[in-house]
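# Summary of the model geometry
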Amino acid sequence: MSDKIPEGNRSARERLARQREQEKGREKRRRTLIVASAVVGVLALAAVVGLIAANVSKDGGEDTASGPAIAPSGASGEDALTLPVGAPDAPSTLTIWEDFRCPVCAQFENALRDTVSELVNDGQVRVEYHLATIIDGNLGGSGSLRAANAAACAQDAGKFAPYHDVLFSNQPPEPDDAYGKNSRLIELAGKVQGLDTPEFRSCVEDGDHDSWVKKSDTAFRKGGFQGTPTVLLNGESVFPSKDGEQISPAALKKWVLAANKGKKPGTATPSDPDAPAPSSAASSSAPPEGSATADGSATPSPQGDGPADPAAPSSAAGS
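For clarity, every value in this text was computed on a predicted model and none was experimentally measured.

The rules behind these values
Residues numbered from 1 in each chain as written. Predicted model: local features only at pLDDT ≥ 70, side-chain atom pairs only at ≥ 80, totals over all residues. Heavy atoms only, no water. Helix = DSSP H or I, 4+ residues; strand = E, 2+ residues; numbered from the N terminus. Buried < 20%, exposed > 50% of the residue type's maximum accessible area, 1.4 Å probe, protein only. Contact = heavy atoms within 4.5 Å. Areas by Shrake-Rupley, 256 points an atom, 1.4 Å probe, with all protein chains shown as cover. Pairing = 2+ DSSP bridges. Disulfide = S-S within 2.5 Å.

## Considerations on the overall build of the protein chain
- Within the protein chain one finds nine helices and nine strands.
- For the protein chain, the residues scored as buried account for 45% of the 319 residues in total.
- Taking the intrachain contacts of the protein chain between residues at least 6 apart in sequence as the baseline, contacts between residues at least 24 apart amount to 78%.
- Element-wise, carbon and sulfur atoms account for 53% of the exposed surface of the protein chain, whose accessible area totals about 16,100 Å².

## Re the sheet that holds strand β2 (residues 92-98)
- If you trace the five strands from one edge of the open sheet to the other, you get β1-β3-β2-β5-β6, paired in mixed fashion. The sheet is open, and its two edges are formed by β1 (83-85) and β6 (236-237), each paired on a single side.

## Points about the environment of G140
- Within the secondary structure, G140 sits in the loop between α3 (134-139) and α4 (143-156).
- We classify G140 as partly exposed; its relative accessible area is 29%.
- Sequence separation between G140 and D177 is 37 residues, and the spatial gap between their C-alpha atoms is 8.4 Å.

## Considering the state of the cysteines
- Throughout the structure, instances matching the rule amount to one disulfide.
- One disulfide bridge connects C153 with C203, the sulfur atoms lying 2.1 Å from each other. With the S-S bond torsion at -80 degrees, the cross-link from C153 to C203 turns out left-handed. Placement of C153 in helix α4 and of C203 in helix α7 (residues 198-206) is noted, with a sequence separation of 50 residues between them. Neither residue differs from the other here; C153 and C203 are each classed as buried.

In structure tokens form, the structure reads like this:
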């Protein structure tokens with residue numbers, strides 16, 4: 001009897017062997033997928049637990065600032081928590097709540113800065129800035145507080161607006177608490193002509209306005225706002241959209257000009273004691289439109305000369 005295996009049987013056995021190997025490969029991939037899915041689930045759970053822990057810490061933690069709330073020079077409004085920019089008699093008011101560590105605030109500023117400056121310079125709008133520190137509460141660190149105090153020190157020197165722009169233009173990544181270092185904030189002051197003075201340095205290093213910043217953050221949390229940035233035009237939310245239209249340089253200009261139709265531009269200087277108070281509601285607690293639970297991934301053009309692709313604001317409950 002011959003020991004040779006018929007060619008047909010050999011081919012059949014080889015096919016069976018290949019099938020077994022393919023089945024083993026599929027089973028291995030299936031198990032790998034199951035393990036990977038489990039890991040993703042664990043990470044997601046950890047993120048949720050971390051968010052809850054951050055919020056508990058935020059709500060139950062002690063204020064690090066002590067002493068009286070010293071408002072910066074020129075602050076106005078209820079409890080002197082408003083930092084005004086522009087003519088007091090401008091026909092419209094743009095109210096902006098921001099956190100210097102908030103990445104979406106930087107996206108908003110970098111996309112709309114030129115437009116807002118143009119509207120301010122033309123006397124069409126007065127901007128009322130308010131500062132919050134929600135990222136410190138959610139991620140830890142002190143960069144929101146330290147940067148806000150430094151901005152208030154810049155307000156004392158009459159340099160708030162340009163220093164505000166420098167902070168957002170040089171904002172570190174959200175998890176990086178670089179603004180928690182006073183040395184970095186003083187370094188950036190060198191980009192604003194005439195700001196880096198002994199008085200400014202002392203104000204920053206001593207935390208002269210820390211308690212005031214904390215008071216402003218408390219007002220933000222009690223105001224019913226959903227996150228930063230919160231942007232209100234005459235008390236109506238315009239970020240990330242208004243009446244179904246997304247905010248952009250062109251849209252913001254259109255909304256302001258429509259609100260100002262038939263009204264004269266503002267001409268008074270901020271220091272004019274006879275200037276009338278703004279006629280608009282400057283501190284409405286209406287929450288911003290759109291989602292307020294994520295920072296978003298869209299990044300508008302930093303030049304502000306094209307349509308902004310608004311992201312959701314950083315949440316006051318989590319970022």
